[in-house]
Amino acid sequence: SKSHLTYSARATTHANPLARRLFEVAEAKQSNVTVSADVTTTQELLDLADRLGPYIAVIKTHIDILSDFSEETITGLKSLAAKHNFLIFEDRKFIDIGNTVQKQYHQGTLRISEWSHIINCSVLPGEGIVEALAQTAQAPDFPYGSDRGLLILAEMTSKGSLATGAYTSASVDYARKYQSFVLGFVSTRALGEVESSVAPVKGEDFVVFTTGVNLSSKGDKLGQQYQTPQSAIGRGADFIIAGRGIYAAPDPVEAAKQYQQQGWEAYLARVGG
Ligand code: BMP
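So, how was this worked out
- Residues numbered from 1 in each chain as written.
- Predicted model: local features only at pLDDT ≥ 70, side-chain atom pairs only at ≥ 80, totals over all residues.
- Heavy atoms only, no water.
- pLDDT = per-residue confidence, 0-100.
- Helix = DSSP H or I, 4+ residues; strand = E, 2+ residues; numbered from the N terminus.
- Contact = heavy atoms within 4.5 Å.
- Polar contact = N/O pair within 3.5 Å; in protein donor to acceptor, adjacent residues only side chain to side chain.
- Pairing = 2+ DSSP bridges.
- Axes fitted to C-alpha atoms, helices over the stretch in contact; angles between N-to-C directions.
- Buried < 20%, exposed > 50% of the residue type's maximum accessible area, 1.4 Å probe, protein only.
- Arc of directions from axis to C-beta.
- 1 Å grid on protein atoms, 1.4 Å probe; cavity = no way out; pocket = protein on both sides within 12 Å on 5 of 7 lines; lining within 4 Å.
- Points joined across faces, edges and corners; volume = space filled by probe spheres on them.
- Phe/Tyr/Trp six-rings, centres within 6.5 Å; stacked < 30°, edge-to-face > 60°.

1. Considering the confidence of the model for the protein chain
Line of reasoning, step 1. Chain-level pLDDT for the protein chain is 97 on average; 100% of the residues reach the 70-or-more range.
Line of reasoning, step 2. Per-element averaging of pLDDT across the protein chain places helix α1 (residues 7–13) at the bottom with 97 and strand β2 (residues 58–61) at the top with 99.
Line of reasoning, step 3. Both confidence scores are given for the complex: pTM 0.98, ipTM 0.99.

2. Notes on the environment of arginine 148
Line of reasoning, step 1. Within the secondary structure, arginine 148 sits in the loop between α7 (127–137) and β5 (149–153).
Line of reasoning, step 2. Placed 60 residues apart in sequence, arginine 148 and valine 208 show a C-alpha to C-alpha distance of 16 Å.
Line of reasoning, step 3. Those residues in contact with arginine 148, other than ones at most four positions away along the chain, are Leu18, Tyr105, Ser113, Glu114, Trp115, Ser116, His117, Phe142 and Phe181.
Line of reasoning, step 4. Side-chain polar atoms of arginine 148 contact the backbone oxygen of glutamate 114, separated by 3.2 Å.

3. Here we look at the sheet that holds strand β1 (residues 33–36)
Line of reasoning, step 1. Read once around its circumference, the closed barrel built from eight strands follows the order β1-β2-β3-β4-β5-β6-β7-β8, with strand pairing classed as parallel. Strand after strand, the sheet turns through a mean of 25° between neighbouring axes, direction not considered.
Line of reasoning, step 2. Bridge count for β2 against strand β3 (residues 87–94) is four bridges, and the pairing is parallel. For threonine 61, the partnering residue across the bridge sits in β3 and is glutamate 90.

4. Digging into helix α5 (residues 98–106)
Line of reasoning, step 1. Within α5, burial applies to Gly98, Val101 and Tyr105. The arc enclosing the buried residues of α5, seen along the axis, measures out at 65°, which places them on a common side.
Line of reasoning, step 2. Buried residues along α5 sit in contact with β3, α6 (112–115), β4 (118–121) and α7.
Line of reasoning, step 3. Phi turns positive one or two residues past the end of α5, at glycine 108, with a value near 80°.

5. Quick look at the environment of glycine 184
Line of reasoning, step 1. Tracing the backbone through its elements, the reader meets glycine 184 in strand β6 (residues 182–186).
Line of reasoning, step 2. For the pair glycine 184 and serine 171, spaced 13 residues apart in sequence, the C-alpha separation works out to 9.4 Å.
Line of reasoning, step 3. Leaving out residues up to four positions away in the same chain, glycine 184 has contacts with Leu150, Leu151, Ile152, Phe206 and Val207.

6. Quick word on the layout of surface pockets
Line of reasoning, step 1. Empty space within the largest pocket amounts to approximately 490 Å³.
Line of reasoning, step 2. Lining the largest pocket are 29 residues, and of these Asp38, Lys60, Thr157, Thr211 and Gln224 sit closest to its centre.
Line of reasoning, step 3. Residue assignment for the lining of the largest pocket shows that the elements contributing at least two residues are β3, β8 (239–242) and α10 (244–247).

7. Thoughts on the packing of aromatic side chains
Line of reasoning, step 1. For the coordinates displayed, the defined rule picks out twelve aromatic pairs.
Line of reasoning, step 2. Counting every residue linked through ring pairs, the aromatic cluster contains Tyr7, Phe23, Phe89, Phe209, Phe239, Trp264 and Tyr267.

8. Some points on unusual backbone geometry
Line of reasoning, step 1. Phi is positive for asparagine 85, which is not a glycine, with a value near 55°.
Line of reasoning, step 2. Within the secondary structure layout, asparagine 85 lies in the loop between α4 (71–84) and β3.

In structure tokens, the structure reads:
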């Protein structure tokens with residue numbers, strides 16, 4: 001993997017424009033934090049995005065948990081992303097046949113393609129899901145150009161996860177095969193060494209997002225399992241994703257700053273800075 005290189009170096013060489021932008025944002029803001037803003041009203045979401053915006057690289061949403069999703073949600077998120085220079089990652093975890101996910105992504109009530117730079121999918125349905133999403137985003141008439149990318153959910157943090165072994169290997173296969181649209185993985189570690197039936201592509205540089213990051217808890221009562229920013233980044237995370245550790249902290253802004261600092265120090269240590 002390219003995890004020993006700086007974000008700036010990776011921004012210079014990466015073939016994918018959105019990956020380049022992601023690394024540039026991280027470098028400019030000295031932050032590899034993605035906040036998982038799992039709140040349930042538009043006002044809470046936009047309020048968090050505005051207050052935490054300066055300290056994060058990416059905001060991760062679960063747009064379908066909002067009780068009042070509307071045009072205002074989209075307009076608000078987009079303008080805050082521009083104001084604070086962060087990217088938007090809708091954690092929709094597409095998992096269906098190609099024909100269905102194309103509609104879920106680019107049509108429908110949530111209009112995900114319109115506002116979310118990054119999406120993710122499970123490869124449980126097989127290669128076709130990646131092909132379908134890439135086809136939609138790379139169609140000549142797709143309105144958002146090369147400003148969109150996909151993360152493959154290659155592993156999960158919950159206890160007893162079945163996203164292991166052959167599933168994780170297939171994730172790497174499809175990432176290699178659809179490299180022009182796949183930015184990388186949601187996984188608990190770098191996956192370059194994982195057995196794959198597709199040979200590594202020369203110069204490949206998959207971006208690793210790691211969920212389940214928390215400074216003060218080991219897990220929750222529903223099977224979530226946490227690691228620290230240091231541990232995640234040591235295992236190859238390029239971006240650490242924290243939800244309750246930040247938004248449910250007594251002072252979310254202070255918490256965001258703390259994750260930012262620890263995430264950045266761990267990154268500097270990794271690249272030898
Ligand atoms: P929290 O830090 O509050 O546990 O939230 C974790 C977030 O990351 C949730 O939005 C969850 O849906 C997501 N997530 C996860 O926890 N584990 C995974 O394997 C994949 C996820 O997307």
